[in-house]
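Notes for the structure review
Chain by chain, the residues run as shown.
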Amino acid sequence: MKTMFYKYTIIAFTVTLAVFIGACDSTEPDDDGAGEQEFITRVVLTLVGGGDNVTAEASDPDGDGAGFEIDTLRLTAGVTYVGSVELADDINGEDVTEEVQAEDDAHQFFYTVGGGAAGRVTVTITDEDENGLPVGLDFMVEVSPGGPADGTLRVILSHFDDEPKNGVDQSDETDVDVTFPVRIE
């Protein structure tokens, strides 16, 4: 009787262990193609509106992530701009924008306006992935009328590899996080 009890105990333990091991998360990238986080050395914002083309660039030429060289984004009060963002890995010669477009269901930009521009500048994402969730490669920037002001525009690209994208929350994985100085003229 004892032998049979031990036999069933060993079988139960083995089945439990097999289920537990099968349920563990793998450290391999997901099979959906999103893979690893992107390596980005340059972020370029291009805005068109009010007869102006405005470009601001954040560049990390050596790719060490220790600090971006960042242009000031100069905006005109009372103007609405159509914007886009381009991403590059200049060290490896890759157009990261294309990768983000191809994996749009695993990426989302978050734009946060701060400082004196916070009440004056509104950013609205205008592109979506195949699930109808925002991506942020294309956007609109509306600058309210008024006098000059200084502020910031923080640009974060979240990478959704280990958690599903819901269109509202940032992920725990960040491909890029840069803050552009903003000058409203």
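Quick caveat, the model's predicted, so the values are computed rather than measured. (Residues numbered from 1 in each chain as written. Predicted model: local features only at pLDDT ≥ 70, side-chain atom pairs only at ≥ 80, totals over all residues. Heavy atoms only, no water.)

Looking now at the nonpolar core. In this structure, L73, L75, V85 and L87 are the most contacted members of the largest nonpolar core, which totals 33 residues. With five residues, the top contributor of residues to this core is strand 11 (residues 173-184). Look past the residues within four positions of L87 in its chain and what remains in contact with it is I40, R42, V43, D95, V96, T97, V100, F109 and L157. (Core = buried A, V, L, I, M, F, W, Y, C linked by side-chain atoms within 4.5 Å. Buried < 20%, exposed > 50% of the residue type's maximum accessible area, 1.4 Å probe, protein only. Helix = DSSP H or I, 4+ residues; strand = E, 2+ residues; numbered from the N terminus. Contact = heavy atoms within 4.5 Å.)

This part is about the pattern of salt bridges. If charged atoms from side chains of opposite charge come close, those side chains can pair. Taken as a whole and judged by the stated rule, the model has five salt bridges. In this structure, the salt-bridge partner of R74 is E185, at a minimum N-O distance of 3.2 Å. Of this pair, R74 sits in strand 4 (residues 73-75) while E185 sits in the segment after strand 11, and the two are 111 residues apart along the sequence. Residue classification places R74 among the partly exposed residues on the basis of a relative accessible area of 44%. We note a salt bridge from R154 to D177, for which the minimum N-O separation is 2.5 Å. (Salt bridge = Lys/Arg side-chain N within 4 Å of Asp/Glu carboxyl O.)

A word on the packing of aromatic side chains. In the structure shown here, the tally under the stated rule is two aromatic pairs. Geometrically, the ring pair formed by F109 and Y111 is stacked, given 5.9 Å between the ring centres and 15 degrees between the ring planes. Among the residues examined, F109 registers a relative accessible area of 1% and is labelled buried. Here the aromatic rings of Y111 and F139 are separated by 4.7 Å at their centres, their planes lie at 40 degrees, and the arrangement is tilted. Of the two residues, Y111 sits in strand 7 (residues 107-115) while F139 sits in strand 9 (residues 138-143), which places them 28 residues apart along the sequence. (Phe/Tyr/Trp six-rings, centres within 6.5 Å; stacked < 30°, edge-to-face > 60°.)

Let us now look at the sheet that holds strand 7. With mixed pairing, four strands are arranged side by side in an open sheet as 4-11-10-7. A single partner strand is all that each edge strand has here, and the edge strands are strand 4 and strand 7. Sheet twist, expressed as the average angle between the axes of neighbouring strands with direction ignored, equals 25 degrees. Note: strand 10 (residues 149-159) against strand 11, 11 bridges, orientation antiparallel. Residue pairing for strand 11: V155 is matched across the bridge by V178. (Pairing = 2+ DSSP bridges. Axes fitted to C-alpha atoms, helices over the stretch in contact; angles between N-to-C directions.)

A word on the side chain of Q108. The topology assignment puts Q108 in strand 7. By relative accessible area, Q108 is classed as buried at 2%. Among the polar contacts listed, one links the side chain of Q108 to the backbone oxygen of G167, at a separation of 3.2 Å. When neighbours within four sequence positions are excluded, Q108 is seen to be in contact with P134, V135, I156, L157, S158, F160, K165, G167 and V168. (Polar contact = N/O pair within 3.5 Å; in protein donor to acceptor, adjacent residues only side chain to side chain.)

Before going further, it helps to spend a moment on the pairing of strand 1 (residues 42-49). For strand 1 and strand 2 (residues 52-59), the ladder comprises eight bridges, and the chain directions are antiparallel. Following the sheet pairing, G49 is matched in strand 2 by D52. The antiparallel hairpin formed by strand 1 and strand 2 contains two residues in its connecting segment, where G50 sits at a positive phi of about 65 degrees. Note: strand 1 against strand 5 (residues 80-89), seven bridges, orientation antiparallel.

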